[in-house]
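Residues per chain, in single letters:
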Amino acid sequence: MLLYRLLTTLFAAVVLGRLVLGRSFGDLRARLALGPAEPGHHLWLHAASNGELASARPLIEALRIARPDLALVVTCNSVTGVALAQSWGLPARLAPLDLGWVTRRFLRNWSVRAHLAMESELWPHRVLGCPGPVLIMGGRLSERTARAWRLFGGLQRRLLARIHWLSAQDEGSLARYLAAGLPADAAGPVVDLKALYDPPDLHDATLSGLNRDHTWLAASTHEGEEETALTAHLVARAQEPELRLILAPRHPRRADDIVRLANAKGLTVARRSLGEAPDADVYLADTLGEMALFYAAAGRVFIGGTLADRGGHTPYEPAACGAALIHGPDVRNFRAPFARLDAAGAACAIDSAETLAAALLALHPRQRAMGQAARALLRPRMDAQALVAGISARLDTLTPA
């Protein structure tokens, strides 16, 4: 614990220093758990970013219905995550730094009775300081992370002994949690929260003119992947002249660079952020929070992060929209679902612009059937209500304040 406190103090100094230099005093106060709190007892739900939070929305909505006696307060490490939670009508703050005195202030101000963390967010002061049950949903513990935890001696075992219920997102994570000290009676069902994704019923007049059968999406791309996507698009379009590309970079701030790259290849670009119609060679989806619209508009989807050494992004959302899936070799963030998709022929693996172009052409005549197969294969094995029942059973152990 001494080593952890030392490293956390150094990390906190860097974070706070950047906020001061950037004159982000509101964010600074939030990181120190300062500012107003709402009255009443709260269940503290923490998700690292808007991605984890979005995947948990079905669970959050079911939990709000099942436990109206316990209000939610949400924390995220990103301002976009905070904004997303607030758009759902939830009180949300930037996550307090995991310093003992800061965590105690947050627990006290919000009268926290229980803590629910998403995925791999296991913060010692929160876990050890929470006065009630501590629960983990969609827990992920890779072999690499498990090795890193060994640097802290028995701290991980001490933390896991404090967990009342943990639902891992894959069997390998569950096995590693148990080996590291999770009590057997705290092991919940294996469920990847992202499988609970239910595509919203959305309509966008701007995109209505696109023919889904001849539109493909390069989703959540990273640097280097746009080059591959644009090159593949040019090759495939030579044989499928109607083909249109929606390019949605993971970080919209890179939009100007992507426009220059496309123009250098002789491609015209229309930008979503500027309200331009998608009548150019490439429609650049340089906005946040609209991926569901783009998944619904494209019959074929290349999943970004799989060619850029980033571990890959979610296959669940495009699969839920019935898109034919294409991915690169690096799928470590979603190894299990990609393995199931590949084994069933419900996804296509590529490794270059040439193989991406070939996949786009090969999948065109069977993209609908392939999309339906992917949707059926990744349908969740357990619904949000069943998960909430497990959470609620642990919350019933709360003692009166």
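(A) Representation of the packing of helix H11 (residues 225–237) against helix H16 (residues 353–363) within the structure. Axis separation between H11 and H16 bottoms out at 8 Å; the angle between their running directions is 50°. Here H11 is positioned oblique relative to H16, judged by the angle of their axes. Read as a crossing pair, H11 and H16 show a hand that is right-handed. Of the residues in H16, those in contact with Thr-228, Ala-229, Thr-231, Ala-232, Val-235 and Ala-236 of H11 are Ala-353, Leu-356, Ala-357, Leu-360 and Leu-361. Per-class residue counts for the contact of H11 with H16 are nine nonpolar, two polar and no charged.

(B) Highlighting the pairing of strand S2 (residues 71–76). The element S2 is largely enclosed, with a buried count of five among its six residues. As paired strands, strand S1 (residues 42–47) and S2 are joined by six bridges and run parallel to one another. Residue pairing in the sheet places His-42 in a bridge with Ala-71 of S2. In this structure, S2 lies alongside strand S3 (residues 92–94), joined through three bridges in parallel fashion. Residue Thr-75 lies in a different strand from S3, and its bridge partner there is Arg-93.

(C) Structural view of the state of the cysteines. In the structure shown here, the tally under the stated rule is zero disulfides. Among the cysteines around Cys-321, which has no disulfide bond, Cys-348 carries the closest sulfur, lying 20 Å off. Residue Cys-321 is classed as buried on the basis of its relative accessible area of 12%.

(D) Structural detail: helix H18 (residues 384–395). With 12 residues, H18 ought to run about 16 Å at 1.5 Å a step, and its terminal C-alpha atoms sit 16 Å apart, in line with that. All buried positions along H18 are accounted for by Ala-384, Leu-387, Val-388, Gly-390, Ile-391, Ser-392 and Leu-395. On its buried side, H18 packs onto S1, helix H4 (57–66), strand S4 (112–118), strand S5 (134–139) and strand S6 (165–168).

(E) Geometry of the environment of Ala-30. Along the chain, Ala-30 turns up in helix H2 (residues 25–31). Under the relative-accessibility criterion, Ala-30 is labelled buried at 16%. The spacing of Ala-30 and Gly-311 is 281 residues in sequence and 31 Å in space, taken between C-alpha atoms. The contacts of Ala-30, once residues within four sequence positions are left out, are Leu-94 and Pro-96.

(F) Inspection of a nonpolar patch on the surface at higher detail. Where nonpolar side chains cluster on the molecular surface, the patch consists of Leu-3, Leu-6, Leu-7, Leu-10 and Leu-151 and spans about 500 Å² of accessible area. Structurally, Leu-3 can be placed in helix H1 (residues 2–21). A relative accessible area of 39% places Leu-3 in the partly exposed class.

(G) A look at unusual backbone geometry. Positive phi is not limited to glycine here, since Ala-33 has a value of about 60°. Of note in this structure, Asp-309 is not a glycine but carries a positive phi near 55°. Secondary-structure assignment places Asp-309 in the loop between strand S11 (300–303) and helix H14 (316–320). Residue class for Asp-309 comes out exposed when judged on its relative accessible area of 58%.

(H) Up close: the sheet that holds S4. The strand order across the open sheet formed by six strands is S3-S2-S1-S4-S5-S6, and the pairing between neighbours is parallel. Every interior strand has two partners, whereas the edge strands, S3 and S6, have only one. Between one strand and the next, the sheet's axes are offset by a mean angle of 20°, whatever the strand orientation. Here S4 pairs with S5 via four bridges, running parallel. Counterpart to Met-118 in the pairing with S5 is Met-137.

(I) The arrangement of the pairing of S11 in detail. Burial along S11 is two-sided: the face carrying Arg-300 and Phe-302 and the face carrying Val-301 and Ile-303 are both buried. Note that strand S7 (residues 215–221) and S11 share four bridges and pair parallel. Paired with Leu-217 across the bridge in S11 is Val-301. Of the pairings in the sheet, the one linking S11 to strand S12 (residues 324–327) comprises four bridges and is parallel in character. Directly across from Phe-302, in S12, lies its bridge partner Ile-326.

About the thresholds
Residues numbered from 1 in each chain as written. Predicted model: local features only at pLDDT ≥ 70, side-chain atom pairs only at ≥ 80, totals over all residues. Heavy atoms only, no water. Axes fitted to C-alpha atoms, helices over the stretch in contact; angles between N-to-C directions. Helix = DSSP H or I, 4+ residues; strand = E, 2+ residues; numbered from the N terminus. Parallel < 35°, antiparallel > 145°, perpendicular 65-115°, else oblique. Left-handed = near helix turned anticlockwise from the far one by under 90°. Contact = heavy atoms within 4.5 Å. Nonpolar A, V, L, I, M, F, W, Y, C, P; charged D, E, K, R; others polar. Buried < 20%, exposed > 50% of the residue type's maximum accessible area, 1.4 Å probe, protein only. Pairing = 2+ DSSP bridges. Disulfide = S-S within 2.5 Å. Expected span 1.5 Å × (residues − 1). Patch = residues over 30% accessible without salt bridge, like charges linked within 9 Å, V, L, I, M, F, W, Y side chains within 5 Å. Areas by Shrake-Rupley, 256 points an atom, 1.4 Å probe, with all protein chains shown as cover. Salt bridge = Lys/Arg side-chain N within 4 Å of Asp/Glu carboxyl O.

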